[in-house]
Amino acid sequence: MSTISPLVVKCPQCAAAEVFYSCEPECCFNHICARCRATFETATRAVGASAPGARDLRDGDERESDAPTAQCCVCDSLELGTLADGRAVCTACGAVLELVLENVQPG
Ligand SMILES: [Zn+2]
Ligand SMILES: [Zn+2]
Ligand SMILES: [Zn+2]
């Protein structure tokens, strides 16, 4: 395992990775696809695994306010990233997470 890369969210309708967060964590996790204009909300589900080293690998970079984001269902942190094997991980508590896309509205 090398580094944690930023969280990647793919559009559930067209699979494009050009997805932007369009709201605030205080409100909701609504995202919009720049390609097909579909909107959806992100959520997470713990898969029961953990990557304890994830906490040491967070890059500390300030994230863009429109970068895709999701909330850890274990500790409520927004500090999610992607492991080298492509799975989502919470860099605050180390839980490996499955990204769930809800309320999909076709664009
Ligand atoms: Zn909202
Ligand atoms: Zn799309
Ligand atoms: Zn967490």
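Just so we're clear, the structure is a prediction, and the values are computed from it rather than from any experiment. (Residues numbered from 1 in each chain as written. Chains lettered and ligands numbered in written order. Predicted model: local features only at pLDDT ≥ 70, side-chain atom pairs only at ≥ 80, totals over all residues.)

**Looking at the overall build of the protein chain**
Next, step 1: Across its full length, the protein chain carries one helix and seven strands.
Next, step 2: For the protein chain, the N- to C-terminal ordering of α and β elements is β-β-β-β-α-β-β-β.
Next, step 3: In terms of overall dimensions, the protein chain is globule-like: its C-alpha atoms have a radius of gyration of 13 Å, near the 13 Å expected for 107 residues.
Next, step 4: When the 107 residues of the protein chain are sorted by exposure, 26% land in the buried category.
Next, step 5: In the protein chain, the share of contacts with a sequence separation of at least 24, taken over all contacts with a separation of at least 6, comes to 60%. (Helix = DSSP H or I, 4+ residues; strand = E, 2+ residues; numbered from the N terminus. Rg over C-alpha atoms; globule rule 2.2 N^0.38 Å. Buried ≥ 20, exposed ≤ 12 C-beta atoms within 10 Å, placed from the backbone. Contact = placed C-beta atoms within 7 Å.)

**Quick notes on the confidence of the model for the protein chain**
Detail in the predicted coordinates should be disregarded across regions flagged by low pLDDT.
Next, step 1: Confidence in the prediction of the protein chain, expressed as mean pLDDT, is 91, and 92% of residues score 70 or more.
Next, step 2: Mean pLDDT values over the elements of the protein chain span from 73, in helix α1 (residues 54–57), up to 98, in strand β3 (residues 30–33). (pLDDT = per-residue confidence, 0-100.)

**Regarding the sheet that holds strand β7 (residues 95–105)**
Next, step 1: With respect to topology, seven strands assemble into an open sheet ordered β1-β5-β6-β7-β4-β3-β2, the strand pairing being antiparallel. Edge positions in the open sheet fall to β1 (5–6) and β2 (19–21), since each of these has one partner strand only.
Next, step 2: Across two bridges, strand β6 (residues 88–90) lies against β7 in antiparallel orientation. Counted as the bridge partner of Ala88 is Leu97 from β7. (Pairing = 2+ DSSP bridges.)

**A short note on the pairing of strand β4 (residues 39–50)**
Next, step 1: Strand direction decides the pairing type here: β3 and β4, joined by three bridges, are antiparallel. When the bridges of β4 are listed, Asn30 appears paired with Glu41.
Next, step 2: In the sheet, β4 pairs with β7 via eight bridges, with the strands oriented antiparallel. Residue Glu41 lies in a different strand from β7, and its bridge partner there is Glu102.

**Some points on the nonpolar core**
Next, step 1: Formed by 18 residues in total, the largest nonpolar core has its most connected members in Leu7, Cys72, Leu80, Ala88, Val89, Cys90 and Leu97.
Next, step 2: A per-element tally of this core places β6 first, with three residues.
Next, step 3: Not counting chain neighbours up to four residues away, the residues in contact with Val89 comprise Ile4, Ala51, Ala54, Leu80, Gly81, Leu83, Val96 and Leu97. (Core = buried A, V, L, I, M, F, W, Y, C linked by C-beta atoms within 7 Å.)

**Notes on the environment of Asn30**
Next, step 1: Relative to the elements of secondary structure, Asn30 occurs in strand β3.
Next, step 2: Separated by 38 residues in sequence, Asn30 and Pro68 place their C-alpha atoms 9.5 Å apart.
Next, step 3: Here Asn30 is in contact with Ser22, Cys23, Thr39 and Glu41, once residues within four sequence places are set aside.

**Observations regarding the pairing of β3**
Next, step 1: Pairing geometry for β2 and β3, over three bridges, is antiparallel. By the bridge assignment, Val19 is partnered in β3 with Cys33.
Next, step 2: Where β3 folds back on β4, the antiparallel hairpin that results is connected by five residues, among which Arg37 adopts a positive phi of roughly 65°.

**Focus on unusual backbone geometry**
Next, step 1: With phi around 65°, Arg37 is a residue other than glycine that occupies positive phi space.
Next, step 2: Relative to the elements of secondary structure, Arg37 occurs in the loop between β3 and β4.
Next, step 3: Overall, the presence of 13 C-beta atoms within 10 Å leaves Arg37 in the partly exposed class.
Next, step 4: Its identity as a non-glycine residue notwithstanding, Asp76 has a phi of 70°, on the positive side.
Next, step 5: Among the structural elements, Asp76 can be located in the loop between α1 and β5 (80–82).

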